[in-house]
Amino acid sequence: MDAFLTGAAEVLAPTTLLYMLMGSIAGIIAAAIPGFTVTMAIVLTLPLTFAMEPLTGISVMLSVYVGGYTGGLISAALLGIPGTPSAVATTFDAFPMARKGEPGRALSLGVWASFFGTIISTIVLIIAAPPLAIFAVKLGPWEYFALIVFALTIVASLVGHSLERGLIAAMIGLAISTIGTDPMMGRPRFDFGLEILAAGLPFLVVLIGIFAISQLISEVEDANAIKKGEKLIEGEIDFKTWAVMREVLMRPVNLLRSSIVGVLIGALPGAGGSIANLVAYDQAKRSSKTPEKFGEGIADGVVASEAGNSATAGGGLIPLIALGIPGSAVDAILMASLMVHGISVGPRLIMDNADLVYGMFLAMAVSSLIMLVVCVLSMRAFLRVAEVLKWVVVPAVLTCCVVGSFALNNRVTDLYLLGFVGLLGYALRALDYPLAPLVLGVILGPIAETNLRRALMTDPDWTLFLTRPVSLLFLVAATASVAWAVRTHLNRRAVDLTGKDPT
Amino acid sequence: MSHAPETTTQPGDIARLISYVALFAVSAGLFVEAAIIPTSRFEVLGAGAFPMMVHGVLMALLALAIIRSLRTIPAQAYAAFPSVALRWARDKRLVIVTFLFLAVYLSVMPLLGYPLATLGFLLVLTATLAPKTPASMAVTVVLALAFSFGLNWLFAEVFNVFLPRGS
């Protein structure tokens, strides 16, 4: 109890709260700009925390972290461009909702879902950190590969109306992920002696090119409308914070399920928000009585994605606090911050620095509260973005995409890749290929390949994928998921052909 | 993620068929390329195994899509395709212009540096998209200055990230 009070006193000190407020604003703004990730915001914050007390520094970084996971939804909802990889699924329903004249509702749903997702993940973090962490690190490459196979079956929920083109898009994504250096042995692949391809296609550049460039360019398709001064979203902007809070709380099962998905995926080293939002969205769609409404601007889709990605913040801290293993790049930077202050991270962290660990738990909750207050107060300002004329937004955001892509690795060649991938993204969009499965393929490809090869390097026996219980569990889940998808697809086709529901 | 219903328009179907064939050709080439990557003696699967699996599945899917398209597209649709494609290109002229400007912008950035290249890009693109009024021209200039020299200053001074300086 003493340790908790010591930690609480430091986190709740006025100066710490002020720094956290600044961190939260910085995280929200950084993540709202396409191309700037939570990781980049945290990296930029790290040097500023060196002069602070360890817990104050960590609290500030956690506020940037939590703010960043929420900020990605702003451009996802208003521009249809995921501000961060963790907001990809948010675009599926928040953007159509905003385009239908409800941008305020779309943003509020996302903010409240993020808040509750972070709070739920913090509670799970406090209760379940040690056992979950021990379980997570016991998983071997067989289980990881099986998990990725299961995650790939999400494609079925993202294909839209054409299963054929959805599957092709997912395979194109996997193919893109194989360009560049082989992840196991470092052997060059498919670079054809070109420097531009030698390092592979960075995931963020692909994400910006596929989603942002293609979306922005598609905004100028109607030459007459843009010349007349068309806005991004026409009509009155309504903003009902408390009504939307009740709307989110009226979906307790979706909220809880998505948050638990986020915590579990966040706890797995190497996974994270970019996968969690898609898995949570997929699970919400499959559990829904009206799955056909997903993708058209349904509240459940926004809640699932935002609760799922925000909950990974708490999930990622589980292996870090319990075992000293960072689950993601952001967690590695948090760990580096602790080490800079001479605090060794590992299983003894909670015993040797209990005040710090309890303070981190509290800082997570306080960060989400600060994020909520900042978003509620500033939402009207963000919503003004929707009123900006298209001929202003398109060139300005295109420039932000270019800057974001360059700042990732400081490589000019990434800019050429951005232009090429943007053109590919627009062509695929124009030909009615769904883009989300492609991005999922790019995310999951390297993890799948690394774990498949690592598993077979450890033991060349293929049957281990079926004889290890957790691996088998994931593969059975994947099979069930495919069966469900095929059944849904056949039912939908029967409805299209006969005009009657076969069930 | 909103999608149009499975379209029955023939020009779109022909364009998609062309995309299937182009992707099949690329995928087949990369499959062959992956097959000649030497395997390591330290592992069962080599660096080429996973790409071969991916391209194998992709080629199978594309082959099925090509066969289905060839069976469903009527013969007379092919004759109308060039004129429909030209009309599409004319309707989407701003898209083509924007991509051209973007390509030139990205190409000259290493030479001119970020501020100058961006200033030119924004002035030209915004002036092309905006209505021709004095107010919109003023906004164009302010926008171009803010996102070129302004953003360059912000990144250099606040974030210590230096955008391309030119040569």
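Since the structure is predicted, the reported quantities are computational estimates derived from the model, not experimental observations.

**Examining the overall build of chain B**
- Broken down by element type, chain B carries 6 helices and 0 strands.
- Computed over C-alpha atoms, the radius of gyration of chain B comes to 24 Å, more than 25% over the 15 Å expected from 2.2 N^0.38 for 167 residues, which places it beyond the range of a compact globule.
- Taken along its principal axes, the extent of the C-alpha atoms in chain B is 55 × 55 × 30 Å.
- Across the 167 residues in chain B, those meeting the buried criterion constitute 38%.
- A separation of at least 24 residues holds for 65% of the contacts in chain B among residues at least 6 apart in sequence.
- Accessible surface for chain B amounts to roughly 8,900 Å². Of this, 73% is attributable to carbon and sulfur atoms.
- Here chain B contributes 10 positively and 6 negatively charged side chains, and the mean placements of these two sets differ by 10 Å.

**A short note on the overall build of chain A**
- For chain A, the count of helices and strands is 24 helices and 2 strands.
- Buried positions account for 62% of the 503 residues belonging to chain A.
- Contacts in chain A between residues far apart in sequence, at least 24 positions, make up 79% of those at least 6 positions apart.
- By element, 67% of the accessible surface of chain A is carried by carbon and sulfur atoms, the whole surface being about 18,100 Å².
- Looking at charge distribution, chain A has the averaged site of its 31 positive side-chain charges lying 6 Å from that of its 34 negative ones.

**Some thoughts on the interface of chain B and chain A**
- Taken together, the contact between chain B and chain A spans 72 residues of the former and 70 residues of the latter.
- Carbon and sulfur atoms supply 76% of the area buried between chain B and chain A, which totals about 6,100 Å² over both sides.
- Inspection of the chain B/chain A interface yields 2 salt bridges.
- Notably, a salt bridge pairs Glu164 of chain A with Arg68 of chain B, separated by 3.0 Å at the nearest N-O pair.
- At the level of secondary structure, the elements contributing two or more residues to the side of chain B that touches chain A comprise helix 1 (10-35), helix 2 (49-72), helix 3 (75-91), helix 4 (93-112), helix 5 (114-129) and helix 6 (134-157) of chain B.

**Quick look at helix 4 (residues 54-79) of chain A**
Residue and element names in this part refer to chain A.
- With 26 residues, helix 4 should reach 38 Å at 1.5 Å per residue; the first-to-last C-alpha distance of 38 Å fits that figure.
- Largest kink in helix 4: about 25°, centred on Gly68.
- Where burial is concerned, most of helix 4 is hidden: 25 out of the 26 residues are buried.
- One or two positions beyond helix 4, positive phi appears at Gly80, with a value near 75°.

**A few points about the packing of helix 20 (residues 390-409) of chain A against helix 21 (residues 413-430) of chain A**
Residue and element names in this part refer to chain A.
- Put simply, helix 20 and helix 21 touch, their axes get as near as 8 Å, and they point 135° apart. Taken together, the axes of helix 20 and helix 21 are oblique relative to one another. Along this stretch, helix 20 crosses helix 21, giving a crossing that reads as right-handed. Residues Cys401, Val402, Ser405, Phe406 and Asn409 of helix 20 form the contact with helix 21, whose own contacting residues are Asp414, Leu415 and Leu418.
- Residue classes in the contact of helix 20 with helix 21 are distributed as 5 nonpolar, 2 polar and 1 charged.

**Comments concerning the UniProt feature "transmembrane region" (unreviewed entry) in chain B**
Residue and element names in this part refer to chain B.
- What UniProt calls "transmembrane region" (unreviewed entry) maps, in this numbering, to residues 17-37, 49-67, 94-117 and 137-163.
- What you have in residues 17-37 is 90% helix and 0% strand, and the ends, taken at the C-alpha atoms, are 31 Å apart.
- Secondary structure content for residues 137-163 is 78% helix and 0% strand, and the end C-alpha separation is 27 Å.

**Observations concerning the domain arrangement of chain B**
- Each domain of chain B was delimited in the assignment, giving domain 1 (10-90) and domain 2 (93-157).
- Just the C-alpha atoms count here: the centres of domain 1 of chain B and domain 2 of chain B sit 36 Å apart.

**Concerning the packing of aromatic side chains**
Residue and element names in this part refer to chain A.
- A complete count under the given rule lists 12 aromatic pairs over all chains for this structure.
- Taken together, a centroid distance of 5.8 Å and an interplanar angle of 55° make the contact between Trp112 and Trp242 tilted. Separated by 130 residues along the polypeptide, Trp112 in helix 6 (residues 103-138) and Trp242 in helix 13 (residues 241-249) bring together distant segments of the chain.
- The buried category is assigned to Trp112, whose relative accessible area is 4%.
- Taking the relative accessible area as the measure of exposure, Trp242 reaches 54% and is therefore exposed.

**A look at the side chain of Ser288 of chain A**
Residues and elements named next belong to chain A.
- Assignment of secondary structure puts Ser288 in the loop between helix 15 (273-287) and helix 16 (299-323).
- Take Ser288: its relative accessible area is 18%, and that puts it in the buried class.
- A polar contact is formed between the side chain of Ser288 and the backbone nitrogen of Thr290, at a distance of 2.9 Å.

**Considerations on the UniProt feature "domain: DUF1468" (unreviewed entry) in chain B**
- Residues annotated in UniProt with the feature "domain: DUF1468" (unreviewed entry) correspond here to residues 21-164 of chain B.
- Along residues 21-164 of chain B one finds 81% helix and 0% strand; the C-alpha atoms at either end are 39 Å apart.

**Thoughts on a nonpolar patch on the surface**
- Together, Leu111, Leu112, Leu116, Leu123, Val124, Val141, Leu145 and Phe149 of chain B make up an exposed nonpolar region whose accessible area comes to about 690 Å².
- Counting only elements with at least two residues in the nonpolar patch, the list comes to helix 4, helix 5 and helix 6 of chain B.

**Some details on the confidence of the model for chain A**
- Here chain A averages 83 in pLDDT, and 91% of its residues register 70 or above.
- Element-level mean pLDDT values for chain A span from 69 in helix 8 (residues 155-158) of chain A up to 93 in helix 21 of chain A.

**Comments concerning the environment of Ala15 of chain B**
- Relative to the helices and strands, Ala15 of chain B is located in helix 1.
- Those residues in contact with Ala15 of chain B that sit more than four places away from it in its chain are Leu431 of chain A together with Phe81 of chain B.

**A word on the pattern of salt bridges**
- For the coordinates displayed, the defined rule picks out 15 salt bridges over all chains.
- Residue Glu43 of chain B pairs with Arg453 of chain A through a salt bridge whose shortest N-O separation is 2.6 Å. Taken together, the residues span two chains, with Glu43 of chain B in the loop between helix 1 and helix 2 and Arg453 of chain A in helix 22 (residues 436-458).
- Each of Asp182, Arg189, Glu449 and Arg453 of chain A together with Glu43 of chain B takes part in one network of salt bridges that share partners.

**Considerations on the environment of Ala94 of chain A**
All names here are of chain A.
- The topology assignment puts Ala94 in helix 5 (residues 88-99).
- Ala94 sits in the buried class, given a relative accessible area of 0%.
- For the pair formed by Ala94 and Val303, sequence separation is 209 residues and the distance between their alpha carbons is 9.4 Å.
- Among all residues touching Ala94, those that are not within four sequence positions of it are Ala77, Ala106 and Val302.

Conventions used here
Within every chain, residues take consecutive numbers counted from 1 along the sequence as written. Ligands are numbered from 1 and chains lettered from A, in the order in which they are written. For this predicted model, a pLDDT threshold of at least 70 governs which residues receive local features, and a threshold of 80 or more governs which side-chain atom pairs are given and counted, while totals over whole chains, interfaces and linings are taken from all residues. Computation of side-chain values covers all heavy atoms of the structure but excludes hydrogens and water. In DSSP terms, a helix is any run of H or I states spanning at least four residues, a strand is any run of E spanning at least two, and both are numbered starting from the N terminus. Atoms considered for the radius of gyration are the C-alpha atoms alone. The globule rule reads 2.2 Å times the number of residues to the power 0.38. For every residue, the accessible area obtained with a 1.4 Å probe (protein chains only) is divided by the maximum for its type, and the residue is called buried under 20%, exposed over 50%, and partly exposed between those limits. The criterion used for residue contact is that any of the two residues' heavy atoms lie within 4.5 Å. Per-residue and other accessible areas were derived by the Shrake-Rupley procedure at a 1.4 Å probe size, with only the shown protein chains allowed to occlude residues. In this tally, Asp and Glu contribute negative charge and Lys and Arg positive charge; neither His nor the terminal groups of the chain are included. Charge coordinates come from a single atom per side chain, which is NZ of Lys, CZ of Arg, CG of Asp or CD of Glu. Defined here as a combined quantity, buried area equals the accessible surface (1.4 Å probe) lost by two parts on assembly, summed across both. The rule for a salt bridge is simple: a side-chain nitrogen of Lys or Arg has to be within 4 Å of a carboxyl oxygen of Asp or Glu. In a helix, the anticipated span is given by 1.5 Å times the number of residues less one. Axes are fitted to the seven residues ending at a residue and to the seven starting at it; the angle between these axes is taken as the bend at that residue. Throughout, an axis means a line fitted to C-alpha atoms (over the contacting stretch in the case of helices), and angles, computed between N-to-C directions, take values from 0 to 180 degrees. In what follows, roughly perpendicular refers to angles from 65 to 115 degrees, roughly parallel to angles under 35, roughly antiparallel to angles over 145, and oblique to any angle outside these ranges. Rotating anticlockwise by less than a right angle from the far helix to the near helix defines a left-handed crossing, while the corresponding clockwise rotation defines a right-handed one. For this classification, the nonpolar set comprises Ala, Val, Leu, Ile, Met, Phe, Trp, Tyr, Cys and Pro, the charged set comprises Asp, Glu, Lys and Arg, and every other residue, Gly included, is treated as polar. UniProt positions are given in the numbering used here, feature names are shortened, and annotations may be inferred rather than shown by experiment. A domain assignment, automatic or from a database, supplies the domain bounds used here. The pairing test for Phe, Tyr and Trp rings, Trp by its six-membered ring, is centres within 6.5 Å, and the orientation test on the planes gives stacked under 30 degrees, edge-to-face over 60, and tilted for anything in between. As used in this structure description, the phrase polar contact means that two N or O atoms lie within 3.5 Å; if the pair is within protein, one of them must be able to donate a hydrogen and the other to accept it, and residues adjacent in sequence are counted only when both atoms belong to side chains. Residues form patches when they are more than 30% accessible in relative terms and have no salt bridge. Like charges link within 9 Å. Nonpolar side chains (Val, Leu, Ile, Met, Phe, Trp, Tyr) link within 5 Å. You can read pLDDT as the predictor saying how much it trusts each residue, on a scale of 0 to 100.

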